[in-house]
Amino acid sequence: MKFDIAVIGGGPAGIAAAITAQSKGRKVVLFEAHGFSPRLRSVAEVNDYLGLRPMSGTELMDHFVAHLSRTDVFVVEEKVVSLKEVGNGFIIGTPSGNFDVDAVVLCTGVSRSNLLVGEKEFMGRGVSYSAKVDGVKYKGKRVAAIATTDDAMDEIELLADYCEHVYLFPRYSGFRPPKRKNITIVIEPPTEITGTDRVTGLHTDTDFFGVQAVFMFRATDPLNSFLPQLQIRGRSVYVDDQAQTNVEGVFAGGDCTGQPWQCNRAAGQGQKAALSAIRYLAKRDEEIDY
Ligand SMILES: Cc1cc2nc3c(=O)[nH]c(=O)nc-3n(C[C@H](O)[C@H](O)[C@H](O)COP(=O)(O)OP(=O)(O)OC[C@H]3O[C@@H](n4cnc5c(N)ncnc54)[C@H](O)[C@@H]3O)c2cc1C
């Protein structure tokens, strides 16, 4: 499917970006992986959102989602697992398929995780973020799965269906081991992914696991996990004063661009990023010699 602008993330920033871009006549798709801002939904009371009475984060988020549903923004409730620059635009991958877009607005929120050593080097060459997308490629092979969230269990079961063996590294508390003979639980933390032209193994401090793929299932992914060339500063995506990242055609807004982590700021920044994306597309369209 083809869209002018893709917004990745359906928190206050992403919803503001999508509504703004759509209101300016652009064809917009918004991707949301975890039920529209688990972060804001966890807040007991928000009493500083401009013009609104105090309410729970869930109620505030429901207002934003209701606003979104009154527009023609196309919503895909799936995780973006890949973003590739192709020609003048991008191809966005989710477990159910690919989407062609001309510009991207990143509104993925705060990330608390870092890339594992070797992860960036082997992205697309054995490192994967989706069993639904890539699991079938490893039929009958040995793979590793690193999970920081219980949400990943369905994907891990799917891997166990496809693969000869899955080494599962659960990295969260409250983990309940799956009852599958071809899943081995490894408690020691993974330290490095290694390989030659493709992944050949995963290390811990004291052990080595020979695998052909490493699947990463995180609650929040590192900001550059699906776009390795994205410039990161500390824990934030680098943007200039027009919300443009270092990658042409990719803009960002909200908590992913840094503090203060606030809904008013996130919504305003999402809107600014969308307007910059619209200006970018308008300028690009003018320059095309028909
Ligand atoms: C305890 C706590 C209290 C807070 N109190 C307040 C307060 O009183 N007032 C206030 O204004 N703010 C408060 N905040 C901050 C507020 O929640 C954030 O500033 C706001 O949610 C940021 O919006 P955002 O859209 O930038 O990011 P988020 O709301 O985090 O949304 C990002 C979205 O992107 C999605 N996403 C990420 N990666 C992908 C992917 N690869 N594919 C698809 N979707 C993806 C996530 O699922 C998420 O829904 C509080 C936060 C916390 C944790």
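Residues numbered from 1 in each chain as written. Predicted model: local features only at pLDDT ≥ 70, side-chain atom pairs only at ≥ 80, totals over all residues.

1. Describing the site of the ligand
What counts, and what does not: Residue proximity rests on one test: whether the C-beta atom, placed from the backbone, lies within 6 Å of the molecule or strand. Numbering of helices and strands runs from the N terminus, with a helix taken as a DSSP run of H or I at least four residues long and a strand as a DSSP run of E at least two residues long. Nonpolar residues are Ala, Val, Leu, Ile, Met, Phe, Trp, Tyr, Cys and Pro. Charged residues are Asp, Glu, Lys and Arg, and all others, Gly as well, are polar.
The environment of the ligand is formed by 33 residues, the closest being G9, G11, A13, G109 and G254. Secondary structure elements with two or more residues in the shell around the ligand: α1 (12-23), α2 (38-41) and α6 (263-287). Looking at the shell around the ligand residue by residue, the class counts come to 15 nonpolar, 12 polar and six charged.

2. As for the packing of α1 against helix α3 (residues 57-69)
The line we're drawing: An axis is simply a line fitted to the C-alpha atoms; with a helix, the fit covers only the stretch in contact. Between two such axes, the angle follows the N-to-C directions and lies from 0 to 180 degrees. Angles below 35 degrees are treated as roughly parallel, those above 145 as roughly antiparallel, those between 65 and 115 as roughly perpendicular, and all remaining angles as oblique. Note on convention: near helix rotated counterclockwise from far helix by under a right angle means a left-handed crossing. Clockwise means right-handed. In this description, a residue-residue contact is defined by the distance between C-beta atoms placed from the backbone, which must lie within 7 Å.
Relative orientation of the contacting elements α1 and α3 amounts to 20°, with a least axis distance of 10 Å. Classified by the angle their axes make, α1 and α3 are roughly parallel. Like other packed secondary-structure pairs, α1 and α3 cross with a definite hand, here left-handed. Residue-level inspection shows P12, I15, A18 and I19 of α1 in contact with α3, the latter providing F64, H67 and L68. Residues of the contact of α1 with α3, tallied by class, amount to six nonpolar, one polar and no charged.

3. Focus on unusual backbone geometry
Counted only if it meets this: Working definition of burial: number of other C-beta atoms within 10 Å of the residue's own, with buried at 20 or more, exposed at 12 or fewer, and partly exposed in between, all C-beta atoms being placed from the backbone.
With omega at 0°, the peptide bond leading from Q259 into P260 counts as cis. You can see P260 is positioned in the loop between β17 (250-252) and α6. Phi is positive for S37, which is not a glycine, with a value near 55°. Relative to the elements of secondary structure, S37 occurs in the loop between β2 (28-31) and α2. Residue S37 is classed as buried on the basis of its 29 C-beta neighbours within 10 Å.

4. A short note on the nonpolar core
Where we set the bar: Linking buried Ala, Val, Leu, Ile, Met, Phe, Trp, Tyr and Cys residues through C-beta atoms within 7 Å yields a set, and such a set is a nonpolar core. Either an automatic procedure or a domain database provided the assignment from which the domain bounds are taken.
Within the largest apolar cluster, 82 residues are counted, with the highest numbers of intra-cluster contacts made by A6, V105, A145 and V214. The residues that make up this core include at least three from each of domain 1 (2-112 + 221-287) and domain 2 (127-217). Beyond its immediate chain neighbours, meaning those up to four positions away, A6 contacts V29, F31, I92, F99, V101 and V104.

5. A word on the pairing of strand β11 (residues 190-195)
To be explicit about the condition: Note on pairing: two strands pair once DSSP finds at least 2 bridges between them.
Bridge analysis of β11 against strand β12 (residues 199-204) gives five bridges, and the strand direction is antiparallel. Across the sheet, residue G195 finds its bridge partner in β12, namely V199. Count of turn residues in the β11/β12 antiparallel hairpin: three residues.

6. So, the sheet that holds strand β8 (residues 142-147)
A sheet is described by the order of its strands in space; here five strands give the open sequence β7-β14-β8-β9-β10, paired in parallel fashion. The outermost strands of the open sheet, each flanked by one partner alone, are β7 (127-128) and β10 (183-185). One ladder, built from five bridges, connects β8 with strand β14 (residues 213-217); its direction is parallel. When the bridges of β14 are listed, A147 appears paired with F217.

7. Topic: the packing of α1 against α6
Closest axis-to-axis distance for the α1/α6 pair is 7 Å, and the angle between their directions is 35°. When you trace α1 past α6, the crossing you get is right-handed. Here α1 contributes P12, A13, G14, A16, A17, T20 and A21 to the contact with α6, which in turn contributes C263, A266, A267, Q269, G270, Q271, A273, A274, L275, A277 and I278. Its residues assigned to classes, the contact of α1 with α6 comprises 13 nonpolar, five polar and no charged.

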